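Next come the chains, spelled out residue by residue.
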Amino acid sequence: MMSRRLLILALLAVTTLSTVQAPPTLPQPTEHRQDQNAELRHADQRRAWLADMHRTAPDVDWRAIERENGRALQEQRNAAGRRDIHDERWAEVGSRNQAGRMHVAAVSTLADSLYGGSSRGGVWKGSLDGNGWRPLGDNLWGGSHGLVVAGAAGDVITSITDNGGLHYSEDEGVTWLEPGGIAGSLSSCKRVARDAGDPDRVLLLARGNTGTYLHVSRDAGRSYVQARRLTTNYGDFWVDRRLGGAVYLLDGNRLYRSDGSLLVWTDLGTLPYAGPSNVVLAASEAGAPTLYAAARVSNQWRLYRSVDAGTNWAYRFDINDFWETLCASTVDPDLVAFAGVELWRSANGGGSFAKVNNWWDYYDDPVNKLHADFPGLDCIPTAGGGEIWYAASDGGLYRSDDGLATVLNISLTGLGVSQYYGTLTSSNDPDLLLAGAQDQGYQRSTGPDRGPTWDFDQLISGDYGHLTSTDGSHTLVYSVYPGFVLVQEGEIAPSLSGYLDFPAGESHGWMPFITADPDNHRAFYFCGSRLHHGSWLGGDNVQYTASSQLFTVAGGSYLTAVGIAPSDHQKRIAVVDNGRIWHTVDGGSLWQLSADTGPSAHYFYGTAIVHAAAAADRAWIGGSGYSGYGVWRTLDGGVTWSGAGTGLPSTLVYGLALESPTREVLYAATEAGPYRLDPDTDQWEYIGGTTAPLTTYWSVEAVPAAQLVRFGTYGRGIWDYATASITAAPVAAPAADLELACAPNPFNPRTVVSFRIDRADHAMVTVHDAAGRRVATLHDGGLNEGRHEMIWNGRHARGQECASGVYLVRVVTSTGGASLSIVLVR
C-alpha cells in the first residue's frame, strides 16, 4: 500500500499547468524615467516613510499597540465566525487581476491544493497551478509571512503574522487561534516547517521575551513545546522536505544536528565567520545533504556551502541584493537561489549567480517574467525525482517546473491582494475608478462587467498616491509618484500627458501630499517646507510659485497635508510633520500658527484633512494617534483644536472622508481598520463587522451617487461600504445637453435609449440600479456626430433579468454627461 508521503509526492508529480488567464496589458516601468536602480532605493525609502508616519512618544511601541488592536478584532471574528454572521453592507471591488505582495507558498497535506500567504492580504487557497483562489485570511490580522499546512486528519493551517504573531486555523479560516505552550510573548518568528515524515509534527523557530527557541508541535500546530534554546538571537533550521526526520539547527556560527527526536543534538562545528548579525540556512536533500548558509557580518551578506552535511564549509559568494530569501533544490545539490529586489539563480553551487530575469522584463511579458521584490521562495518535492518552485513577489505568485529556468505567473486572476494608497471615483460615474497602488502602479477600472469584483488596467507602473482633481471627475487628474507628479487627461479615453518634477531643492515626504486647485483645473498644490502652487503648462512643464510662509519655522521638516474649505476657498489648513497646524483666511497670503492646544504636543504626524461641505470653519485632521488623539477637530477655522470623538483605538489614521455634502458623518481609514464617527453620540464605531477583511485601511472616499464610502486597503484591495443614511435613489442629472431620452418609460421588457452628440467623440452608455451599481454597458467606444439609439433589454450584463424598479441611464462623453431615471415594470 502506498504511504501517505509517497501519495503526496505522486499527486504533486502529476499536476499540470492549466491555461492561464489572458495577461493584462502593462506599460513600461515608471522607474525607467529615473534609473534602473530606483526600485531598490524606493523599497528602503518606503520603509523609512512608513516609520515616520507612525510617530509616537518615546518608549511607545506602535507595533505592539496594533498587534493588540488586531488581536481584539480577531477575537470578535472568532466568536462571530462560529455563528456565521455576514454583513451585506460590505462588497469587494477588487482588483481581481492586479495581485500585490505575496510572502510564501505551501501545499496541503494531500498535495492537492496550494496555500499562499500575503502581506496584509492574509491566507489564500487555490489549485496547484493558481486557479480558483479564495481568501481564508480575512479574519486573520497581520497578513501571512510564513505558512505551513499539517495534520493527518485534515489541513491545519499555521500562519506567521506581523510582529511575531502566530495563529492556526482548522476550519479554513473561519476562526484563527493562538497555539498553546509558547512561553512568554513572541517578538518574531523566523521559520515554520512541517516534518515530511510525520504530518502532525511542526517545527517553529521564534524569538520571545525569554529567548530564542526551536519549538516542536506534535498536534499539527495547535500547541508547542520548547525543544532547544539558542545561545544567540540569530539562528535558522532546516528539515528534509522529502523524508523529514533529521533537523539541522544553525545557532549564530555553530551548527547542530538532531536525529529527529530533538532530545539529542550533535555539535557539527563552527562555520568560517564570526559575530554574525543574522543568518539564513537552506539545503538540498541531494548530497549528504548539501547545506547553504548566508551570514551577515559587518553589514555584508556572504554565502557558504558544505557538501558533507556540515562538517566542512567553504565561502562561495557575496550577496548584495538579499531579503533573507534563500532556497535550494531538492534534487540538484548545485541549484540554489537567493532573492531581494530580483531573483538570482546558481547552477554551480553558489559559485556564481545570474538573474532569472530583469525586473523590468515583467512589463513586456507578465505571464512568463518575474515581477520585482521577493519576500519568499519555496521548493516542493514531487514523486519521481521532480520538484516545483514557487516564488512570492510584490506582483503575485509564480510557479516553475524546471528549476527556475522558466516561470509562470499563477496570480493573474482572482488573487485579491492589491495594496492601495488611494482611489478617486469619478463624480460622473461611480463605476469609473482610478487607484494608486504599491508597485502595481496607477490603475483604472470601468466597473464590474463580469463577476462581483473588477478588473483594473495598469496605466503606468510604480507606486502612486494622492489622486486628486478639481471637480471630482477624471477630466484632469493629478497623482504622485516618488519623484514626479503624474498628469492624466481624459475621463473616457485617458492619456498620461505630463510627468512634472517636484519643486527643486525642497524637503518633502517620500510620497508628498498634493491636492488640486479648486479654482483652476490646470493647477495643484504641493507640500514641501513651503506650499507650492504648481501650474501645469502642458507636457512635462510646470511652473511653481512658493508660498512666502516657511512652515518649518516652528519645527518639523515639511508639510504633510493641506485642505481647502469647499464653501470658502480662501480658508485653508495645513499640517507639518511634527504636528504643528497652520491656518489662513485669505487664500494663503497670511498663514497663522494654530494655538498650541492640538496635536503638536502629542507626537502627531498628519495624513489627512477634510472640511465640512457648507461650514468653512469646521474641519478634521487625522494622523498618528498612539500618544494622543488620532483625529482632531476645529470649529473656528483651525485656530484651536480638540480631540474628535471617543472610542477610536490608538492607531494611525491614514484617510478621512465625510459621507456626502449633505450628511456630515465622518469615516476614517486606519491601521486598525475602518471606523465611523456617530454624529449623535460623538463615538467612534468599528464598521468592519465580520465581513470586511482585517487589514490596514489606507484611504477612504465618499461616493454619494452610489450611496457608499469606498476604502482602499493595504493588502486586500478596494472595498465598498453601503451607507445606511442615504436611502433615496440616485438623482438624475439634467439631460438637456445631450437630448437624452428613453422610450417607453416605464417599460417592459425593453426600452430605447436615444441621445445626440455635437461631434465625433468617445461615449460610454451605462445602466445603473437604484444603489448606483452598474448593471449593463450599452456602449463604450467612438460615435459619429448626430443622434444615436441603443436598446436595453432589461437584463444584467451577464444575461439575468433585472427586477422591477428604478434604474438610471448614464451617457458620458469627453465634454460632459447626462443621466435619466427609467422604471422597469415586470
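Residues numbered from 1 in each chain as written. Predicted model: local features only at pLDDT ≥ 70, side-chain atom pairs only at ≥ 80, totals over all residues. Heavy atoms only, no water.

**Re the environment of Pro-199**
Move 1: Position of Pro-199 among the secondary structure elements: in the loop between strand S9 (186-194) and strand S10 (202-208).
Move 2: Separated by 147 residues in sequence, Pro-199 and Ser-346 place their C-alpha atoms 31 Å apart. (Helix = DSSP H or I, 4+ residues; strand = E, 2+ residues; numbered from the N terminus.)

**Focus on the environment of Gly-116**
Move 1: Looking at the element boundaries, Gly-116 is found in strand S3 (residues 114-118).
Move 2: Gly-116 sits 32 residues away from Val-148 along the chain, and the two C-alpha atoms are 9.7 Å apart.
Move 3: When near neighbours in sequence (up to four residues on either side) are disregarded, Gly-116 contacts Met-102, Val-104, Gly-122, Val-123, Trp-124, Trp-133 and Leu-147. (Contact = heavy atoms within 4.5 Å.)

**Describing the pattern of salt bridges**
Move 1: Tallying each qualifying case throughout the model produces 30 salt bridges.
Move 2: A salt bridge links Asp-455 to Arg-96; its shortest N-O distance comes to 3.0 Å. On the criterion of sequence distance, the pair formed by Asp-455 in the loop between strand S31 (442-445) and strand S32 (457-460) and Arg-96 in the loop between strand S1 (90-94) and strand S2 (102-107) is long-range, its members being 359 residues apart.
Move 3: Take Asp-455: its relative accessible area is 26%, and that puts it in the partly exposed class. (Salt bridge = Lys/Arg side-chain N within 4 Å of Asp/Glu carboxyl O. Buried < 20%, exposed > 50% of the residue type's maximum accessible area, 1.4 Å probe, protein only.)

**Notes on the nonpolar core**
Generally speaking, nonpolar side chains in soluble globular proteins are found buried as a group.
Move 1: Among the nonpolar cores identified, the biggest contains 26 residues, and Trp-49, Met-53, Tyr-478, Val-485 and Trp-698 are the most heavily contacted of them.
Move 2: For this core, the secondary structure elements donating two or more residues are helix H2 (38-53), strand S34 (476-481), strand S35 (484-489), strand S37 (514-516) and strand S38 (523-527). (Core = buried A, V, L, I, M, F, W, Y, C linked by side-chain atoms within 4.5 Å.)

**Structural notes on the pairing of strand S47 (residues 631-634)**
Regular strands have side chains that alternate between both faces of the sheet.
Move 1: The side-chain alternation of S47 yields two buried faces, one formed by Val-631 and Arg-633 and the other by Trp-632 and Thr-634.
Move 2: In this sheet, S47 lies alongside strand S46 (residues 619-623) in antiparallel orientation, the contact comprising 4 bridges. Its bridge partner being in S47, Ala-619 is matched across the sheet by Thr-634. (Pairing = 2+ DSSP bridges.)

**As for the sheet that holds strand S15 (residues 254-258)**
Move 1: Judged by pairing direction, the sheet is antiparallel, and its 4 strands sit side by side in the order S13-S14-S15-S16 without closing on themselves. The sheet is open, and its two borders are formed by strand S13 (235-239) and strand S16 (265-270), each paired with just one other strand. With direction set aside, neighbouring strand axes in the sheet form an average angle of 20°.
Move 2: Where S15 and S16 come together, 5 bridges link them in antiparallel fashion. (Axes fitted to C-alpha atoms, helices over the stretch in contact; angles between N-to-C directions.)

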